[in-house]
There are 2 protein chains.
Amino acid sequence: MKQFFGLMVAVAFALPACAAAGATPQCEQWGVHEVVLAGPADGNPFVDVDLAADFADEANRRLHVPGFYDGEGRYVVRFSPPSAGKWTYRTSSNAPALHGKSGELIATAPTGDNHGPVVVKNGFHFAYADGTPYRPIGTTCYAWTSQPTELEEATLRTLAEAPFNKLRMCVFPKRYKWNENEPPLYAFEGEAPDRWDFRRFNPAFFQHLERRIVDLQKLGIEADVILLHPYDEGHWGFDRMSDEADDRYLRYVVARLAAYRNVWWSLANEYDFMLEKQESDWDRMIEVVDRTDPYDRLTSIHNGRVLYNHTNPRLTHASIQNGSAAEEAGRAVLYRDAYRKPILFDEIKYEGDIPSRWGNLSAEEMVHRCWECIVAGTYPGHGECYLADDDVLWWAKGGTLKGESPARIKFLAETLSIAPEAGLEPIDRLQYPNIVGQPGEYYLVYFGKEAPREWKFFLPRYELKDGDTFSVEVLDTWNMTVTPIDETFVVRRESEYVFVDKVGRSVPLPGKPWQALRITKIAQ
Amino acid sequence: MKQFFGLMVAVAFALPACAAAGATPQCEQWGVHEVVLAGPADGNPFVDVDLAADFADEANRRLHVPGFYDGEGRYVVRFSPPSAGKWTYRTSSNAPALHGKSGELIATAPTGDNHGPVVVKNGFHFAYADGTPYRPIGTTCYAWTSQPTELEEATLRTLAEAPFNKLRMCVFPKRYKWNENEPPLYAFEGEAPDRWDFRRFNPAFFQHLERRIVDLQKLGIEADVILLHPYDEGHWGFDRMSDEADDRYLRYVVARLAAYRNVWWSLANEYDFMLEKQESDWDRMIEVVDRTDPYDRLTSIHNGRVLYNHTNPRLTHASIQNGSAAEEAGRAVLYRDAYRKPILFDEIKYEGDIPSRWGNLSAEEMVHRCWECIVAGTYPGHGECYLADDDVLWWAKGGTLKGESPARIKFLAETLSIAPEAGLEPIDRLQYPNIVGQPGEYYLVYFGKEAPREWKFFLPRYELKDGDTFSVEVLDTWNMTVTPIDETFVVRRESEYVFVDKVGRSVPLPGKPWQALRITKIAQ
């Protein structure tokens, strides 16, 4: 990845990048190859000039890839080959200098940590395109890319040590309590705070954003890019652009960012709090993103009070704010039935100490909610709001994590990393909302706030037969310990619905909250 | 209603009913007026002959009303005037004897208990067309119209005393445990159990069904007519007709029944258990019903394991089987957000004592679930499965109710009957799932299985101001008592989120489960 970014800089203002070296250029599958062209710099190229390239591989798989104007007469078509092998392309443009340019590249096998983009797998779960499991546990630093360099780099250092593999982040800066600083760069030409030419983008702003996305990629973190948000309230006016400006902006940002394999689209944070927009605007903008993006990156939209209709087939997963649903798996699981897509609870309130009730969860409650989401067959998102003299709250600006939940979320992530690759599925969701796993093979049982001293061993009937044998470990999700139970459990059918241990044994438990069991079938 | 049914019988085989009397016939608004025509009896009129009538009132409101063949050369167009005043009509048919017949009628003001059909109101609630509130609390007697006359009449006597104002009932008979009797009548010509001519209906079957629907109407009960169901498994084969036969059947049944104002369409019970059908079949059949029905009767579809996508705009409400969601308002409320329609929990398991876990709730649990649904801003459905020597379980066959929940459900229904007409809305749904009402005016607080000895008076902030004064009554939902608290509560703002009693008082409670509070603003 890094090398292509370097190449782009190297070939700035030159003729097509891939022609530069003489030999056919190479690019890893799911990497980024840039076709760079020189073209008109007069007038307003952002609106006057259309550019795209049609790519095809030898099996005639075709992608129509939008290009963009990068300033100073420089045009780019940023391409991420979805498969290895030879790709050819030909440009089309209303500018003669950019039209009919053709070339080719070789997409080579991915190396290192390049597993491709994340895609939906098994209905409710995710994997990288190469099949490597991906279990999202995200966090939020909404405005981290609008901060001074030093703070942005501190955020990256924190993320490098943290358990999070997805980051919700806004394109635009944020205006809100504890967020009153102007950003170093703006997305449009003009004059801060609110005199913008929405017809002229600021390439430096986007180049910076792209570098940060690549920084995240190197850390194995998906960038859940929030395209619009309400935390502006007209200060800059990025929340109330015209339909035309919104659509132009969306096409531009998608043309620039879609090639980065760790990009996801989040149309908005709290979309319904943007009172200038109607629901039909969101429908339209989702369609603009979907039509522009040649790679079908993961796409969703995050709510305030009013859930978006996540049955919209252009949305790949449901991105839900609902702290209440994350309190209990029996609630969280219901969204799976309603949407039949992966359910990401991207906001379940924040660990912290601010006065607002959405930002003062205890660390224990944050960890608890993450576990409840997991045992519901859904995925949680972390966030943190501790008051700070410098107004740097992780939730919005990044910096350093102060809470006690991330270490425990790391324990959860490690637990998931050795769970079945097919994903954790509710086993008998309307009867036992605290049991998740793969029937017959693997179970997590989570007791939450209950503090039992024992648990009578039983499993829902699915995929079981008399004599199946299981090992049991007690997971203390707060103290991050795994305690194997010495004996094994052999099941017999007890009823139409459940199997129990054949001699009726129970699993001893420590009488404390936050305990879970990992029950694993022993091969025989 | 009754008189029109009588008229239809009187004018059987005659020329158009409304022409018979010489004077312009009259019919109550929302009643039934029948245009009866004599036509061809040879060939197969059920498939050979198309008949419809276009009705228009003096404001040029138009309805295209399908007709049907009722056997022995008799054709009927059954019309329910949606507004009072003069209506004219003209028939169209491919049979010359039925084509171009015109006439008129006067729709008179409704009388007595005729409040019109039930329609959706305020997004999540219902009312009769004349504005009278309707708060559905249904029950099920799936196959009650396929029983011997004496049993059917016993069912009606029971319903006359019961609190239920909606009945889920199948068109077709039921084959299942405790349901092994053949019905007196079948919907098609042919030979039981499985040699049917799906191209020829049995008018006597439908005439009987219609009588039973009118019987329910007289009792103030909505007939939630289940058009298809899986409890057949090929015994009769009504669960596995061809697409063509399904669609023809749906058009026929809608043409016959839609004019009865208490008819709702339930496409299926446990639609996803009908393994011969795909989801696209249900989409198609919902459309057939929607296109055929001139009155837009309430329409839904009930699930087994897989929720139908209730965002389908042709569905007026979500009809959900989920016992788990009804256990707790914090679960039940989530469907409101997902579907933005009235949520009817038409199956929350059954009070009873059968071995299957779906049919052995205690009466206390059944009542509890009904209350949880209500405080979620949704509506519950009752059902009862007590084993019986004669295999007459209320759930399917009707007869008599044996359980202890109906008396308590009557108490709940009475509570609702004096609640705000606008409907009970969650007040702060993601914070306090046990509080429902109309903010500032009226609240129900339900404590369920908790047994507190007191409750510190507070209300979510919406529509409150310092000094607002409230009366409080303690409702014992099981013992069916209402105990007023002598003192009144005067609120003051305590925080961004809640108001409390200005001197910090609590409401005393009896330390028993199943308690609720009714908190009502006192006019000042």
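The name recorded for chain A in an unreviewed UniProt entry is DUF5060 domain-containing protein, from Lacipirellula parvula.

A. Quick look at the UniProt feature "domain: DUF5060" (unreviewed entry) in chain A. Mapped onto the present numbering, the UniProt feature "domain: DUF5060" (unreviewed entry) falls on residues 27–94 of chain A. A distance of 28 Å separates the end C-alpha atoms of residues 27–94 of chain A, which is 6% helix and 56% strand.

B. How the structure looks around the interface of chain A and chain B. Each partner contributes residues to the interface: chain A has 35 residues there, and chain B has 35 residues. Contact between chain A and chain B buries roughly 2800 Å² in total, counting both sides, with carbon and sulfur atoms accounting for 39%. Linking chain A with chain B are six salt bridges. Among the salt bridges present, the one from B:Arg357 reaches A:Asp428, with a minimum N-O distance of 3.1 Å. On inspection of chain A and its partner chain B, the count reaches 19 residue pairs in polar contact (both at pLDDT 80 or more). Those elements that place two or more of their residues in the side of chain A that touches chain B are helix H8 (329–332) and helix H9 (334–339) of chain A. At five residues, H9(A) tops the list of elements feeding residues into the side of chain A that touches chain B. For the side of chain A that touches chain B, a count of residues per class yields 15 nonpolar, seven polar and 13 charged.

C. Highlighting the domain arrangement of chain A. All names here are of chain A. In terms of domain boundaries, chain A breaks down into domain 1 (2–108), domain 2 (118–417) and domain 3 (431–521). When each unit is reduced to the centre of its C-alpha atoms, the spacing between domain 2 and domain 3 is 35 Å. In this complex, domain 2 contributes 18 residues to the contact, which on the side of domain 3 involves 19 residues. Roughly 1600 Å² is buried in total at the junction of domain 2 and domain 3, and carbon and sulfur atoms are behind 73% of that figure. Counting the contacts that link domain 2 with domain 3 gives one salt bridge. Between Lys-449 and Glu-365 there is a salt bridge, with its nearest N and O atoms 2.8 Å apart. Elements that contribute at least two residues to the side of domain 2 that touches domain 3 include exactly H8, helix H10 (363–375) and helix H12 (405–417).

D. Seen up close, helix H4 (residues 149–161) of chain B. All names here are of chain B. Helix length check: H4 (13 residues) gives 19 Å between terminal C-alpha atoms against 18 Å at 1.5 Å per residue, within 8%. Listing the buried residues of H4 in full gives Leu-151, Glu-152, Ala-154, Thr-155, Leu-156, Thr-158 and Leu-159. Among the structural elements, strand S11 (138–140), strand S12 (166–170), helix H5 (203–218) and helix H11 (394–397) are those in contact with the buried residues of H4.

E. Structural view of the packing of H4(B) against H5(B). Residue and element names in this part refer to chain B. Running from amino to carboxyl end, H4 crosses H5 at an angle of 20°, the nearest separation of the two axes being 11 Å. Compared by their axis directions, H4 and H5 come out roughly parallel. Along this stretch, H4 crosses H5, giving a crossing that reads as right-handed. Here Thr-149, Glu-152, Glu-153, Leu-156 and Leu-159 of H4 lie close against H5, whose contacting residues are His-208, Arg-212, Asp-215 and Leu-216.

F. Local environment of unusual backbone geometry. Residues and elements named next belong to chain A. Pro-193 follows Ala-192 through a cis peptide bond whose omega is 5°. Inspection of the secondary structure puts Pro-193 in the loop between strand S13 (188–191) and strand S14 (195–201). Within the chain, Lys-349 stands out as a residue other than glycine whose phi angle is a positive 75°. In this fold, Lys-349 is placed in the loop between strand S19 (343–347) and strand S20 (351–352). You can call Lys-349 buried: its relative accessible area is 16%. In this structure, Met-480 takes a positive phi of about 60° despite not being glycine.

G. Looking closely at the environment of B:Asp215. Assignment of secondary structure puts B:Asp215 in helix H5. Linking B:Asp215 and B:Leu156, residues 59 residues apart in sequence, is a C-alpha distance of 7.6 Å.

H. Broad picture of the relation of the copies chain A and chain B. Of the two same-sequence chains, chain A is brought onto chain B (RMSD 0.0 Å, axial shift 0.0 Å) by a rotation of 180°. Taken together, these values place the two copies in the relation of a two-fold axis. Closest to the rotation axis within chain A is the C-alpha of A:Arg331, separated from it by 2.3 Å. Of the residues that chain A buries at the interface, 100% are likewise interface residues in chain B, meaning the two copies contact each other through the same surface.

I. View of the sheet that holds strand S10 (residues 133–134) of chain A. Residue and element names in this part refer to chain A. In space, the three strands of this open sheet follow the order S8-S9-S10, with antiparallel pairing throughout. The open sheet has two free edges, formed respectively by strand S8 (118–121) and S10, since each of these has just one partner strand. In this sheet, strand S9 (residues 125–128) lies alongside S8 in antiparallel orientation, the contact comprising four bridges. What sits directly across from Lys-121, in S9, is His-125.

J. Representation of the pairing of strand S15 (residues 222–228) of chain B within the structure. Residues and elements named next belong to chain B. Among the seven residues that make up S15, seven are buried, leaving the element largely enclosed by the rest of the structure. Examined bridge by bridge, S15 and strand S16 (residues 263–268) share five bridges and lie parallel to one another. Across the sheet, residue Asp-224 finds its bridge partner in S16, namely Trp-264. The β-α-β motif built from S15, the intervening helix H6 (residues 243–257) and the parallel element S16 has right-handed crossover chirality.

Reading the values: the criteria
- Residues numbered from 1 in each chain as written.
- Chains lettered and ligands numbered in written order.
- Predicted model: local features only at pLDDT ≥ 70, side-chain atom pairs only at ≥ 80, totals over all residues.
- Heavy atoms only, no water.
- UniProt positions renumbered as here; feature names shortened; annotations may be inferred.
- Helix = DSSP H or I, 4+ residues; strand = E, 2+ residues; numbered from the N terminus.
- Contact = heavy atoms within 4.5 Å.
- Buried area = accessible area lost by both parts, 1.4 Å probe.
- Salt bridge = Lys/Arg side-chain N within 4 Å of Asp/Glu carboxyl O.
- Polar contact = N/O pair within 3.5 Å; in protein donor to acceptor, adjacent residues only side chain to side chain.
- Nonpolar A, V, L, I, M, F, W, Y, C, P; charged D, E, K, R; others polar.
- Domains from an automatic or database assignment.
- Expected span 1.5 Å × (residues − 1).
- Buried < 20%, exposed > 50% of the residue type's maximum accessible area, 1.4 Å probe, protein only.
- Axes fitted to C-alpha atoms, helices over the stretch in contact; angles between N-to-C directions.
- Parallel < 35°, antiparallel > 145°, perpendicular 65-115°, else oblique.
- Left-handed = near helix turned anticlockwise from the far one by under 90°.
- Least-squares fit on C-alpha atoms with pLDDT ≥ 70 in both.
- Pairing = 2+ DSSP bridges.
- Right-handed = clockwise from strand over helix to strand, strands pointing away.

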